[in-house]
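Listed here are the chains, written in short residue letters.
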Amino acid sequence: MISSNSWILGESAVHKLSLISSKYREQYTIHKGIQSFTPWYEIKGVSSKNLLKLSSTKDFLIQDNTILETLKEVARGDKGGFSSLGVNGADFYIGQISEEARAQNIDILKSSRDLVSRSVPWILGLEGKVLYHIVPIVTAGEGLKAGFSTIDMKGVSFFTMPAKGLDLDIVDFAIDYVHELGHQALFMYQMSDKIFVDGHQAPIFSPIKNKERPAILAFHALCAIAFMKHFLVEGLIRDAFSKSQRAYAKKKLIEMTDMHSVTLEGILESNLEFTKLGKLIFEELRSV
């Protein structure tokens, strides 16, 4: 059960994150000497010309090919891919979107958000507070998918969009969507809190990547898994899934429950000391 004074899950968490986000944007505009906040400012080395282009879009789902081409240019930096965003990824990239795909992506996002709203409506309250834009990406291999968010450009998440808008595709994208919202929420707290007192690079096994990762990334994995698990649990309890989606959601919940347990075990075995806030967030994620 989510506490009425929660920090990462639930309505109370949305309220706290809204206040923190508002303060962050206010301080950011003062520091940069700008009129209004846009996450594009955080891209390393972005030129004034490209920043102006990117800032011209107010779309939540960015599908304007001119904007996408500009973002592809500034994100790849000197090393290609998404190096200006601190992300290594040779298997996915920003591509152009056809009119047909554009319409389908809008439908998929709407259907997925509707599913999330029926399951855990508070999560959508994070939109416009910790998440401002989502950007479609393309994978190098057919049938592959990818998604990521990065603290180097908070407020923007990147996703491959399903090739079709089938019932199970909608569930998958909804799971991916709440996953990235979990990362974005935790980014906000990291602006003023270390989560761990020290030992952030200590190796901890993360089942999402199926390998050892630095402790802070393992903690991010726990947050994302908790968001996904909570969405599936609540969706099943509230009968939010269609008949064809329900069995699949149960299967995914088993996967998330296993990953949740493994990640928790790794963090607990590390014996790392949490900050006060880190401990509060951990206990919430632990109880999902």
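Residue positions are given per chain, counted from 1 along the sequence in the order it is written. Reporting of local features is limited, given that this is a predicted model, to residues whose pLDDT is at least 70; pairs of side-chain atoms are given and counted only at 80 or more, and all residues count toward the totals for whole chains, interfaces and linings. Hydrogens and water are ignored here; the side-chain numbers use all heavy atoms of the structure.

Right, let's talk about the nonpolar core for a bit. We call a set of buried Ala, Val, Leu, Ile, Met, Phe, Trp, Tyr and Cys residues a nonpolar core when their side-chain atoms join them within 4.5 Å. Between buried and exposed lies partly exposed: a residue is buried under 20% and exposed over 50% of the maximum accessible area for its type, with that area taken using a 1.4 Å probe on protein chains only. With 67 residues, the main nonpolar core has I8, F219, F227, F231 and I281 as its most contacted residues. Numbering of helices and strands runs from the N terminus, with a helix taken as a DSSP run of H or I at least four residues long and a strand as a DSSP run of E at least two residues long. Mapped onto this core, the elements with two or more residues apiece are α1 (11-32), α4 (99-119), α5 (167-190), α6 (215-237), α7 (243-270) and α8 (276-286). The greatest single-element share of this core, amounting to 13 residues, is contributed by α6. The contact criterion used is simple: two residues touch if any of their non-hydrogen atoms lie within 4.5 Å. With sequence-adjacent residues up to four places away left out, I281 is seen in contact with W7, I8, L186, Y189, I195 and F219. L68, L71, F92 and M153 belong to the second-largest nonpolar core, a separate cluster that totals 23 residues.

Where side chains of opposite charge bring their charged atoms close, a pairing between them can arise. A carboxyl oxygen of Asp or Glu within 4 Å of a side-chain nitrogen of Lys or Arg is what we treat as a salt bridge. Scanning all chains against the criterion turns up 10 salt bridges. Across the pair K110 and D114 runs a salt bridge, and its minimum N-O distance is 3.0 Å. With a gap of 4 residues between them, K110 and D114 both fall in helix α4, about one helical turn apart. For K110, a relative accessible area of 51% translates into the label exposed. A relative accessible area of 29% places D114 in the partly exposed class. Members of the salt-bridge network, linked through shared partners, are K279, E283 and R286.

What follows is about the packing of α4 against α6. Axes here refer to lines fitted to C-alpha atoms; in helices the fit is confined to the stretch in contact. Angles between the N-to-C directions go from 0 to 180 degrees. Direction vectors running N to C along α4 and α6 enclose 75°, while the axes themselves pass 8 Å from each other. Taken together, the axis directions place α4 and α6 in an arrangement best described as roughly perpendicular. Where α4 abuts α6, its residues L115, V116 and S119 lie against F231, E234 and G235. Of the residues belonging to the contact of α4 with α6, the class tally is 3 nonpolar, 2 polar and 1 charged. With respect to orientation, any angle under 35 degrees is reported as roughly parallel, any angle over 145 as roughly antiparallel, any angle of 65 to 115 as roughly perpendicular, and every other angle as oblique. Three categories are distinguished: nonpolar for Ala, Val, Leu, Ile, Met, Phe, Trp, Tyr, Cys and Pro, charged for Asp, Glu, Lys and Arg, and polar for the others, with Gly belonging to the last.

In a beta sheet, neighbouring strands are held together by backbone hydrogen bonds and run either parallel or antiparallel to one another. With mixed pairing, 4 strands are arranged side by side in an open sheet as β1-β2-β4-β3. Sheet topology places β1 (92-93) and β3 (147-149) at the edges, where each strand pairs with a single neighbour. Two strands qualify as a pair provided that DSSP identifies no fewer than 2 bridges between them. Judged from the 5 bridges that link them, strand β2 (residues 133-139) and strand β4 (residues 156-160) form a sheet pairing that is parallel. Its bridge partner being in β4, V135 is matched across the sheet by F158. Where α5 meets the sheet, it contacts β2, β3 and β4, and its direction lies at approximately 155° from that of β4.

Along any regular strand, the residues point their side chains to alternate faces of the sheet. Alternating residues of strand β5 (residues 203-206) divide into I204 and S206, all buried, and P203 and F205, none buried. Pairing analysis gives 4 bridges linking β5 to strand β6 (residues 211-214), with the strands arranged antiparallel. When the sheet's bridge partners are listed, S206 is paired in β6 with K211. Counted between consecutive antiparallel strands, the loop separating β5 from β6 contains 4 residues, among which N210 sits at a positive phi close to 55°.

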